[in-house]
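Results of the structural survey
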Amino acid sequence: MTSTYAHAPGFVAGDRPKIVTSRFEFSDSYTIERYLATNGYAGLRAALAQPAGSVHDEVKNATVLGRGGAGFPAGTKWGLTPQEVWPRYLVVNGDESEPGTYKDRLLMERDPHQLIEGCLIACYAAGLSRCFLYIRGEMALAQERVATALNEAYAAGYVGKNILGSKFSVDIVLHWGAGAYVVGEETALIESLEGNRGMPRLKPPFFPAANGLYGQPTIVNNVETLANLPWLLCNGSEAYTAIGTKTSPGTRMVAVSGHVKRPGVFEIINGVTTFRDLLYGEEFCGGIRNDNQLKAFVPGGGSAPWFTPDQLDLPFEASQVGPAGSMLGSGAIMVMDHTTDIPAAALTLTRFYAHESCGKCTPCREGGTWLERILTRVVEGTGTDADLDQLIEVGSSICPGDFPHASNADLGLSAVPFPYKMTTICFVGPSAYAPVHSALTLFRSEFEARVTTRKRIPVTAVANSTTGHAS
Amino acid sequence: MSRLTDANIAIAYEIIGRYPRPKSALIPILHLAQEQDGYVAEDAMKHIAELVGVTPAEVFGTASFYEMFKFEPVGKYLLNICGTMSCALMGAEELMHHAEKRLGIKAGSTTPDGLITLEHAECQAACTEAPCLQVNYRYRFKMTPADLDTLIDDLAAGKLSDEIPSHGVLATVRQRIPAERGVGAVAPEKVNESPEWLDGKSAL
Ligand SMILES: Cc1cc2nc3c(=O)[nH]c(=O)nc-3n(C[C@H](O)[C@H](O)[C@H](O)COP(=O)(O)O)c2cc1C
Ligand code: SF4
Ligand code: FES
C-alpha cells in the first residue's frame with residue numbers, strides 16, 4: 001500500500017518499517033498532543049533511566065550513520081571529544097540545501113518534537129550542555145513549527161532546567177540562517193552561528209568535535225540522524241540493527257525527483273533497497289514518466305557523480321556505491337529520461353555550485369565560475385571543441401588526478417572509484433566539476449554535437465600564405 | 001529608516017541572552033530589522049552593532065554574505081522561482097519566462113508598483129514537487145504558468161495577506177524561553193566542570 005499525504009507534500013508512505021516517519025500519517029503530527037499520544041518522549045524517559053554512558057553505548061551499538069552526507073557513525077563521533085574539556089555543545093544541522101535533498105524539512109515541519117527529543121538524548125549521552133538548532137533561513141514553516149514545539153516542550157518540562165524532574169538540564173536554542181548553501185558544511189555552520197560570514201574552516205587540524213563553536217568541543221549532527229534516536233531508545237539497538245544490513249542498519253529517507261511517474265520522499269530500508277526498486281518499484285516511483293527510457297540519474301545529491309542504467313541494481317550501501325564511482329550523500333536521487341538535454345542539465349548544477357562558492361579558495365572561486373561560463377557557451381551553441389578540453393583542464397585544477405565516474409558497458413568504460421583528490425577546503429569546488437565531468441564522460445557525443453569544431457590552419461597553409469594560396 | 005523600535009530592542013536583548021557570546025545573535029537580529037523595515041537599513045545595522053558590541057562594518061560584513069538580507073527596499077512580495085536541477089527538468093525555465101513576461105520585468109527587479117520582486121532561486125528542498133517557488137518563503141508546488149497567473153492575481157488582490165506576510169516577516173512564531181525554565185547561557189570560559197548528569201548514575 002502506498003499513499004501520499006496532502007499535509008506532507010512529497011511524502012509517500014508504504015508498507016515498510018517507519019523509524020522517523022511514523023507520525024506522518026496524522027495531519028496534526030506536529031502537535032505535542034499527537035506526539036504524546038504516539039509514544040512521544042518515551043525515548044527520553046528510557047534514556048534518563050540509564051546512566052549517560054550506557055545511552056552512548058546503545059547509540060554506538062546501533063551504528064547510526066550520519067544522514068547529512070558523510071555517513072559517519074554518530075556514536076563514534078560523540079566519542080571524539082577531548083577528555084575533560086567543558087562545556088561541549090550540540091549544533092543541529094537543519095540547513096538542508098544540497099540540490100535534490102528533501103527530508104530534513106519534512107522532519108522539522110511534520111515531527112518537530114521527535115527532533116527535539118533526539119537532541120535531548122544526544123545531549124544527555126554525550127554530555128553536551130547547550131544545543132543550537134540551526135534551520136535554513138528560507139524555511140519559514142519549519143521555523144514556526146520548531147519554535148512552537150520548543151515553546152510547548154519548555155512549558156511541559158521536557159526542555160530546560162531539571163528535565164522531567166531529573167538532574168539533566170539543557171537549553172535548546174532555535175537559530176536560523178539567511179541563505180547560503182555552504183553554511184551546511186559543518187565548520188561554516190559554526191562560523192555562521194558565531195555571527196560571522198559562513199566560510200568553512202580548514203580541517204584538519206581541528207575537527208569540530210575537538211574545537212568547534214567558541215573553540216569548544218562541538219558535535220554537529222544532521223536532523224535525520226538525531227530523529228532516529230527516540231525510536232532507538234524505545235526499541236533498543238538490536239531492533240535497530242535488525243533492519244537493513246550490518247554496515248548500513250536502520251532506514252533512511254530518500255527523495256526521488258525528476259522524470260519519474262511518482263516523485264516522492266520515501267523511508268527505505270538501508271543497505272538493501274536498490275536504485276531499481278526505487279525508480280521502478282510500484283511501492284516507490286513506479287517507473288519513468290510516460291514509460292520513457294532512463295538516461296541517467298544522480299544518486300546522492302547534486303555533488304555526486306552520475307549513474308546510468310548500468311548501476312540500477314546497486315543497493316543503498318556506501319561500500320558498493322563508492323567503488324562504483326559515486327556516493328550516497330544526502331539521500332537525493334534526480335532522474336533524467338531519454339528526452340533530457342544532458343549538457344543543459346549539468347549546467348543547472350554547475351551554476352548552483354559556482355554561485356554558492358564562498359570565495360575562500362581560488363580553484364573553487366575562479367574554477368567554478370570558469371566551468372559555468374564555458375558550459376553556458378556550450379549549451380547556448382557558441383562553444384568550440386577546445387571548450388570541452390578546457391572544461392576538463394579547469395576541473396583538473398580543482399580535482400587533480402582521476403575523477404570518479406561510473407562504468408558504462410556501451411562505452412567500454414570501467415568505474416573510477418569515489419572519492420577524489422581536491423585542492424579546495426570543502427566540497428563545493430569539486431561539486432561544481434562533478435556534473436560536468438560525469439556528463440562529459442558518459443555523454444560526450446551530446447557535447448560534441450553542440451560545439452563547432454575549429455578548423456586548425458595547417459602549417460603548410462601558413463607557409464604558403466605569402467603566395468596567397470592558402471590550402 | 002531606522003533604528004530598532006523599543007519592542008524590537010526588547011526582543012533583541014532576549015535573543016542575545018540565549019548565546020554564550022553576543023555576536024551569535026547577529027543573524028537573528030538582522031532578520032528582526034528586516035522584519036521591521038522590509039529590508040536591512042543602514043541605521044539598523046549601526047544600532048545592531050551597538051546592541052551586540054561589534055562595529056557596524058562587522059555587522060555589514062556578516063549580513064552581506066547572506067542572500068536573504070536586502071539592503072534596499074524590495075517588493076512587498078519576493079517571488080523566488082527555483083531553477084536548480086529537479087525544477088529545471090520539470091519546466092522551471094518556462095515558468096521563469098512566463099513570470100518575466102507576465103510581470104513585465106526581468107528576474108532581479110521589482111514591478112513599478114512595488115508589489116513583486118522576482119528572483120532566480122536555488123534548490124528549495126521541495127524537489128519532488130517541482131517546479132516550485134516561494135513567495136516570501138512560503139511554498140507553492142508543481143506550478144504551471146496558469147497557476148502562476150492565479151497566484152499573481154491573488155497577490156495583487158490582497159487575497160493572500162493572511163497566509164503570506166509582507167517581505168521581512170519570516171517565522172510568525174518566536175521561541176520564548178520562560179525565565180524559570182531556561183538554563184541560561186554562560187560564557188564558555190566560566191565553565192570547567194563536567195555536566196552534573198555525567199556522574200555515572202541514571203538521571204531519573
Ligand atoms: C558544502 C557542504 C554542504 C553541506 N550541507 C549540509 C546540509 O545542508 N545538511 C547537513 O546535515 N549536512 C550538510 N553537510 C555535511 C556536514 O558538513 C556534516 O557532515 C553533517 O551535518 C554531519 O552530520 P551527520 O554526521 O549527522 O551526518 C554539508 C557538507 C558540505 C561539504
Ligand atoms: S571550496 Fe569553495 S565554498 Fe568551499 S571553502 Fe573553498 S571557496 Fe569556499
Ligand atoms: S531543485 Fe527546485 S526544489 Fe530542489
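Residues numbered from 1 in each chain as written. Chains lettered and ligands numbered in written order. Predicted model: local features only at pLDDT ≥ 70, side-chain atom pairs only at ≥ 80, totals over all residues. Heavy atoms only, no water.

According to the UniProt record, the Sequence similarities (unreviewed entry) comment for chain B is "Belongs to the complex I 24 kDa subunit family." Quoted verbatim from the Cofactor (unreviewed entry) field of UniProt, the annotation for chain B is "[2Fe-2S] cluster". (UniProt positions renumbered as here; feature names shortened; annotations may be inferred.)

Recorded under Sequence similarities (unreviewed entry), the UniProt text for chain A is reproduced unchanged: "Belongs to the complex I 51 kDa subunit family."

**So, the sheet that holds strand S3 (residues 89-94) of chain A**
Residue and element names in this part refer to chain A. Spatial ordering of the open sheet is given by S5-S4-S3-S6, a layout of 4 strands whose pairing is parallel. This sheet does not close on itself; its edge strands, each paired only once, are strand S5 (171-176) and strand S6 (218-222). Strand after strand, the sheet turns through a mean of 20 degrees between neighbouring axes, direction not considered. Sheet topology note: the S3/strand S4 (residues 130-135) ladder contains 6 bridges and is parallel. Within S4, the position partnered with Val 91 by the bridge is Phe 132. Packing of helix H6 (residues 112-126) onto the sheet brings it into contact with S3, S4 and S5, and relative to S3 it is tilted by some 150 degrees. (Pairing = 2+ DSSP bridges. Helix = DSSP H or I, 4+ residues; strand = E, 2+ residues; numbered from the N terminus. Axes fitted to C-alpha atoms, helices over the stretch in contact; angles between N-to-C directions. Contact = heavy atoms within 4.5 Å.)

**Structural notes on the domain arrangement of chain A**
Residue and element names in this part refer to chain A. Along its sequence, chain A is carved into domain 1 (45-241), domain 2 (251-337) and domain 3 (342-450). Its C-alpha centre places domain 2 at a distance of 21 Å from the equivalent point of domain 3. Tallying the contact residues gives 18 residues for domain 2 and 24 residues for domain 3. Roughly 1600 Å² is buried in total at the junction of domain 2 and domain 3, and carbon and sulfur atoms are behind 64% of that figure. Broken down residue by residue, the surface that domain 2 buries against domain 3 is led by Lys 295, Ser 303 and Trp 306, which jointly contribute 38%. Counting across the interface, domain 2 meets domain 3 through 1 salt bridge. The salt bridge partner of Lys 295 is Glu 446, with a shortest N-O separation of 2.6 Å. The interface formed by domain 2 and domain 3 contains 7 residue pairs in polar contact (both at pLDDT 80 or more). Sorting the residues of the side of domain 2 that touches domain 3 by element identifies strand S9 (294-298) and strand S10 (332-337) as the ones contributing at least two each. (Domains from an automatic or database assignment. Buried area = accessible area lost by both parts, 1.4 Å probe. Salt bridge = Lys/Arg side-chain N within 4 Å of Asp/Glu carboxyl O. Polar contact = N/O pair within 3.5 Å; in protein donor to acceptor, adjacent residues only side chain to side chain.)

**Concerning the interface of chain B and chain A**
Across the boundary between the two partners, chain B contributes 70 residues, which contact 94 residues of chain A. Carbon and sulfur atoms make up 61% of the area that chain B and chain A hide from each other, which totals about 6400 Å². For the pair chain B and chain A, the interface holds 2 salt bridges. Residue A:Glu144 is joined to B:Arg138 by a salt bridge in which the shortest nitrogen-to-oxygen separation is 3.1 Å. Those elements that provide at least two residues to the side of chain B that touches chain A are helix H2 (26-37), helix H4 (56-63), helix H5 (85-89) and strand S4 (138-140) of chain B. In terms of residue class, the side of chain B that touches chain A is built from 36 nonpolar, 19 polar and 15 charged. (Nonpolar A, V, L, I, M, F, W, Y, C, P; charged D, E, K, R; others polar.)

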